[in-house]
Structure formats: structure tokens, C-alpha cells
Amino acid sequence: MTETRTQIRTYVDSHPGVHFNGLVRSLDLAPGQVQHHVRRLVEAEAVVREEFYGRTHYYSPGLTEWERATVALYHRGTAREVLEALLEDEEARPAALAEDLDVARSTLEWHVGHLEAEGVVEKRRDIRNRVTLVLDRPAATAALLSRLDADAVAAMERNADAAGTGEAPVDAD
């Protein structure tokens, strides 16, 4: 493996879910250079490329599909705040959580819908049909997210948003 591929693979291993632009910026490499080497790493199955909700992320091959989806959603600010709140409080009512996070209820529902679709969050209904949000796999979620640096993820996401979508060029694999 070339030195550049090793550098990219090491970065992906330590920053799961990184976007293409994050690789370019963080490693100070030319976009075409990153594109070429990432393509080769994906072909060699040394890196996994996966798209979640319109964004392409790169992972180590050892992560499960659930872990990749959880990390991808954690890269989104509101979803990250939802997960952190549920890790801290174990459960939350949607209206109260939306107020605590200072987001519209519809925004919260959009993110919770994705978290629910990926098996990260569950909506539980009581006898009066009131919804409470809980983590579907609290121990596994806590263990996975404890390996991520929330500040680094937030900074990486801000940088990707400032540069565009965080996507690789159209012809990149």
C-alpha cells in the first residue's frame, strides 16, 4: 500500500464517517489525489464507502451496517444532539426535546425518523398513545459514540457544510 493510501486509511480508521472534503482538507492532499487513492482503497475493500441520506461517508471495514448508519447520523448536528440527550436522560418526550434543542418539531421529527429507520432510536407509546423517545440499543450506542470525539465530529461537519455537501466529485467512487 502506498504512503498516501496508508495515510488515508489511517485517517478513516480514526475518523469514521469522514466525508470526502474532510479527507482533502485534513490530509492537505489534492482532491484528485484523494479521489484516486480512495477509489483504490474501496476496490481493495480496505475502506468502505457508504451513502446515508445524501452524504457519502468513509469507514473502516470492521464496522457493521448499524454502526456505519449511527455514525453517519451522528455527523448531523441535530441527530447528534438527540443521541446525546437520550444517552444522558435515557428517554425524552418529542415536544420537550425539540424545545430543549431549540429546533422546530418538524426538524426533530425528520432526524428522529432517520434514527428510527436505522434502528438507533425507538418511539414508545404509553397507554394514552403519548410518544417517548428511547435508544433502541443504549449500551451499543454509548460504546460506539464514546469512540468518537463529539467536538471533532462537529468541526468536521461544519467544514463539510462550508465547502458544500461533503460529497466526493460525481465521478468518484
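Please read these numbers as outputs of a predicted model, since none were measured by experiment. (Residues numbered from 1 in each chain as written. Predicted model: local features only at pLDDT ≥ 70, side-chain atom pairs only at ≥ 80, totals over all residues. Heavy atoms only, no water.)

Engineer: Explain the sheet that holds strand β3 (residues 91-92) to me, and be specific about the residues and the numbers.
Structural biologist: Read across the open sheet, the three strands follow the order β3-β5-β4; overall the sheet is antiparallel. In the strand order of this sheet, the two ends are held by β3 and β4 (121-125), each with one partner. Taken together, the five bridges between β4 and strand β5 (residues 131-135) define a ladder with antiparallel strand orientation. Residue pairing in the sheet places R124 in a bridge with T132 of β5. (Pairing = 2+ DSSP bridges. Helix = DSSP H or I, 4+ residues; strand = E, 2+ residues; numbered from the N terminus.)

Engineer: So what's going on with the nonpolar core? Which residues, and what values?
Structural biologist: Soluble, globular proteins show a tendency: their nonpolar side chains are buried together. Core analysis: the largest hydrophobic core is formed by 30 residues, its most contacted members being V82, L83, L97, L115 and V121. When contributions to this core are tallied by element, the ones reaching two or more residues are β1 (48-52), α4 (65-74), α5 (77-89), α6 (94-101), α7 (105-117), β5 and α8 (138-146). The leading source of residues in this core is α4, at six residues. Non-local contacts of V82, meaning those with residues more than four positions away in its chain, are made with L97, L101, L108, V112 and L115. Membership of the second largest hydrophobic core comes to 15 residues, among which are V24, V34, V38 and V47. (Core = buried A, V, L, I, M, F, W, Y, C linked by side-chain atoms within 4.5 Å. Buried < 20%, exposed > 50% of the residue type's maximum accessible area, 1.4 Å probe, protein only. Contact = heavy atoms within 4.5 Å.)

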